[in-house]
Amino acid sequence: MYTLDDAERFEVGEVHDLYRRYVNKSQVSLMTSFGFGRELVAHAEGAHLTLTDGRRILDVTGGVGVLNHGHNHPRILAVRERFARERRMEVHKTYFSPYLAALGHNLAEVLPGDLSMSFLPNSGAEAVEGAVKLAFKYHNGKRRTVLRADRAFHGKLLGSGGLTGQAQFAFPTIPGIDTFTYNDLASVRRAVATHPGDVYAILIEPFSASTIEACSEEFLRGLRELCDREKIVLIFDEIYTGWGKTGTLFHFMRYPGLLPDVLTTSKSFGGGKSSISAFVAREPVFRKAYDNLGDALLQSTSTTYYGFGEECATALEAVNIAIEDDYPARARAIGAVLEPGLRRLAKEHPDTVARVDGAGALWGVFIDGGPRILDLVAKLAPGGMARDPRFKTKLVTCAVISALYQDHGIFAYYTLNGRNPLIIGPSLITEPADVERTVDALGTVLDEGLGRLVTRFVKQKVASQW
Ligand SMILES: Cc1ncc(COP(=O)(O)O)c(C=O)c1O
């Protein structure tokens, strides 16, 4: 048996071998295409990673939504150390939890209107499914249709995966899912009219982090009106965008008076340490669904793991930090550097950058083009990759990400959804100088040209023999 000491002494090759044998061999093959798949992280602090060879990397992924507070925020660490030192209790639900109680209060305090009743599972997918389940229960099973947008990411469980609904989600899912076009009210109206009196919920991301698209104010307010008229439970999924990321505490909060019936959150809610999510319902909606003795225990999405002590204590601190340190303002300050910088790059590289879009500290750079020879490369790509109509875009975007990492020590990512933008989404503790450095480095990488970047990327992949 390996010990923790053994694990911490592994070389990267040993870790790859163990992944090949016990996790997924193809995952090793895929991720070792990038520098970061061929290295291990020794430490993580703030916006930086330190590799086992001592190299320092600027992490502008923002942990894909998890790290608004950065890595290992000192206040988050202190809470967890204190929890362990004082031997607090994690598990039993038959004793009431002061942490859960305080967290519920704080959520109600910072959210607008009567969004005040919360439940605290572990993952985003669970929060989404909990919200949809609540909506179904609100209508007592008398309605059977739930509407989702064509551009969405809501998770990968059987239910949330079906609600995400990408073509590649070839699994059974919950019944009654129908689709409307993102940000198109006429399309929602048509979908509702197709199922008269039968729609129990509409699920939408006001800002879609996986495609970098935002709903207009007019669309969101129209959705609210429609849901009020038709008594449909409106669910906003802000699992990624919560806690300041796009420049307001939650994206929808930039529109005064606008309220969903249920809001989902996760990721930075756990301060980068705690695996916790929440769905928060408006009080009357929650009460009608679950507030009676017979149904009081039905709202949970998992019987064992929800509302654990240390997870709630961590989230309590994470929320306090986001409010005290004004994370929305920090996101806006980061955006004030990113937006003009990235727009300038798009102007300077019209054949490479199709567009840039985003809000606050979450921006997408849509890379496209590249020499015609790449079409041939895409056609000859191994396995199922050649059948992917977006393979060329993914290839050129990966080549840019790889060069940013290797030449400049900057770690970015791209999304597998929509038009596969390269994402610059720094943690909200990132220094403005580091944000500027990221824009400059991306400019230098793009100056090299997509043809050369792809050649380098492919050569390295071949040479690394992974
Ligand atoms: C908007 C949104 N909803 C749901 C999820 C699913 O969360 P999880 O991966 O924790 O299941 C994600 C994850 O990226 C997300 O961005």
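Owing to the predicted nature of the structure, the values given are computational and were not obtained by experimental measurement.

Draft legend 1. Representation of the overall build of the protein. Each helix and strand in the protein was counted, giving 16 helices and 17 strands. At 23 Å, the protein has a C-alpha radius of gyration in line with the 23 Å of a compact globule built from 466 residues. Viewed in the frame of its principal axes, the protein has a C-alpha envelope of about 65 × 55 × 45 Å. Per-residue burial for the protein yields a buried fraction of 53% across its 466 residues. Counted over contacts in the protein with a minimum sequence separation of 6, partners at least 24 positions apart contribute 72%. Accessible surface for the protein amounts to roughly 21400 Å². Of this, 55% is attributable to carbon and sulfur atoms.

Draft legend 2. Molecular detail of the nonpolar core. The biggest cluster of nonpolar side chains holds 90 residues, and the ones touching the most others in it are Ile202, Ile204 and Phe269. With 9 residues, the single largest contributor to this core is helix H14 (residues 391-408). Residues from two domains meet in this core; each of domain 1 (32-65 + 327-464) and domain 2 (74-324) gives at least three. Once you skip the residues sitting within four places of it in the chain, Ile202 turns out to touch Leu147, Phe180, Val188, Val192, Leu223, Cys227, Ile232, Val233, Leu234 and Ile235. Residues Phe119, Ala127, Ala135 and Val146 belong to the second largest nonpolar core, which totals 24 residues.

Draft legend 3. Quick peek at the environment of Met31. With respect to the element layout, Met31 can be found in helix H3 (residues 25-31). Placed 113 residues apart in sequence, Met31 and Arg144 show a C-alpha to C-alpha distance of 41 Å. Other than its neighbours up to four places away in sequence, Met31 contacts Phe36 and Gly37.

Draft legend 4. Spatial organisation of the domain arrangement of the protein. Under the domain assignment used here, the protein contains domain 1 (32-65 + 327-464) and domain 2 (74-324). Once you take the C-alpha centre of each, domain 1 and domain 2 turn out to be 30 Å apart. At the junction of the two partners, domain 1 supplies 27 residues and domain 2 supplies 21 residues. Summing both sides of the interface, domain 1 and domain 2 together bury roughly 1700 Å²; the carbon and sulfur share of this comes to 56%. At the junction of domain 1 with domain 2, the criterion picks out 0 salt bridges.

Draft legend 5. Region of interest: the sheet that holds strand S17 (residues 422-424). The antiparallel open sheet is built from 4 strands, whose spatial order is S13-S14-S17-S16. Each end of this open sheet is capped by a strand with a single partner; those strands are strand S13 (353-359) and strand S16 (413-414). As judged from the 6 bridges shared by S13 and strand S14 (residues 362-367), these two strands associate in the antiparallel manner. Bridge assignment links Val353 to a residue of S14, and that residue is Ile367.

Draft legend 6. Quick peek at the packing of aromatic side chains. Tallied over the full model, the rule gives 17 aromatic pairs. Measuring from centroid to centroid gives 5.6 Å for Phe119 and Phe279, while their planes differ by 40°, and the two rings are tilted. Taken as a pair, Phe119 in strand S4 (residues 115-119) and Phe279 in strand S12 (residues 278-282) lie far apart in primary sequence, 160 residues in all. Judged on exposure class, the residue Phe119 and its partner Phe279 are both buried. Joined through ring pairs, the aromatic side chains of Phe34, Phe36, Tyr405, Phe411 and Phe457 make up one cluster. Cation over ring: Arg55 sits above Tyr405, and NZ or CZ is 5.3 Å from the ring centre. In this structure, Arg355 is placed above the aromatic ring of Phe366, and the distance from its NZ or CZ to the ring centre is 3.9 Å.

Draft legend 7. Inspection of the pairing of strand S11 (residues 262-265) at higher detail. Burial of S11 is two-sided: the residues Val262 and Thr264 facing one way and the residues Leu263 and Thr265 facing the other way are all buried. Relative to S12, S11 is paired through 4 bridges, and the arrangement is antiparallel. What sits directly across from Thr264, in S12, is Phe279.

Draft legend 8. Molecular detail of the site of the ligand. In the vicinity of the ligand, the residues found are Ser123, Gly124, Ala125, Phe153, His154, Gly155, Glu205, Asp237, Ile239, Tyr240 and Lys267. Phe153 places a main-chain nitrogen or oxygen 3.1 Å from a nitrogen atom of the ligand. Taking Asp237, its side chain carries an N or O atom lying 2.7 Å from a nitrogen atom of the ligand. Burial of the ligand by the protein chains amounts to 79% of its free accessible area of 390 Å².

Draft legend 9. Main features of the pattern of salt bridges. For the structure shown, the criterion picks out 24 salt bridges. With a shortest N-O distance of 3.0 Å, Arg151 and Asp150 are connected by a salt bridge. Overall, Arg151 belongs to the partly exposed group, its relative accessible area being 27%. Of the residues examined, Asp150 reaches a relative accessible area of 34% and is grouped as partly exposed.

Draft legend 10. Examining a nonpolar patch on the surface more closely. A contiguous nonpolar surface patch, about 380 Å² in accessible area, is contributed by Ile373, Leu376, Val377 and Leu380. Along the chain, Leu376 turns up in helix H13 (residues 373-380). Classification of Leu376 as partly exposed rests on a relative accessible area of 46%.

Draft legend 11. Up close: unusual backbone geometry. You will see that Asn72, though not glycine, has its phi angle at about 50°, which is positive. Mapping Asn72 onto the fold places it in the loop between strand S3 (56-59) and helix H4 (74-85). The phi dihedral of Asp326 falls on the positive side, at around 45°, and the residue is not glycine. In this fold, Asp326 is placed in the loop between helix H11 (309-324) and helix H12 (327-348).

Draft legend 12. Up close: the side chain of Gln299. Mapped onto the fold, Gln299 is located in the loop between helix H10 (283-290) and H11. In this structure, Gln299 is in contact with Ser118, Phe119, Lys133, Phe279, Phe286 and Tyr290, ignoring residues within four places of it in sequence.

Rules used in this analysis
- Residues numbered from 1 in each chain as written.
- Predicted model: local features only at pLDDT ≥ 70, side-chain atom pairs only at ≥ 80, totals over all residues.
- Heavy atoms only, no water.
- Helix = DSSP H or I, 4+ residues; strand = E, 2+ residues; numbered from the N terminus.
- Rg over C-alpha atoms; globule rule 2.2 N^0.38 Å.
- Buried < 20%, exposed > 50% of the residue type's maximum accessible area, 1.4 Å probe, protein only.
- Contact = heavy atoms within 4.5 Å.
- Areas by Shrake-Rupley, 256 points an atom, 1.4 Å probe, with all protein chains shown as cover.
- Core = buried A, V, L, I, M, F, W, Y, C linked by side-chain atoms within 4.5 Å.
- Domains from an automatic or database assignment.
- Buried area = accessible area lost by both parts, 1.4 Å probe.
- Salt bridge = Lys/Arg side-chain N within 4 Å of Asp/Glu carboxyl O.
- Pairing = 2+ DSSP bridges.
- Phe/Tyr/Trp six-rings, centres within 6.5 Å; stacked < 30°, edge-to-face > 60°.
- Lys NZ or Arg CZ within 6 Å of the ring centre and 35° of its normal.
- Near = heavy atom within 4 Å.
- Polar contact = N/O pair within 3.5 Å; in protein donor to acceptor, adjacent residues only side chain to side chain.
- Patch = residues over 30% accessible without salt bridge, like charges linked within 9 Å, V, L, I, M, F, W, Y side chains within 5 Å.

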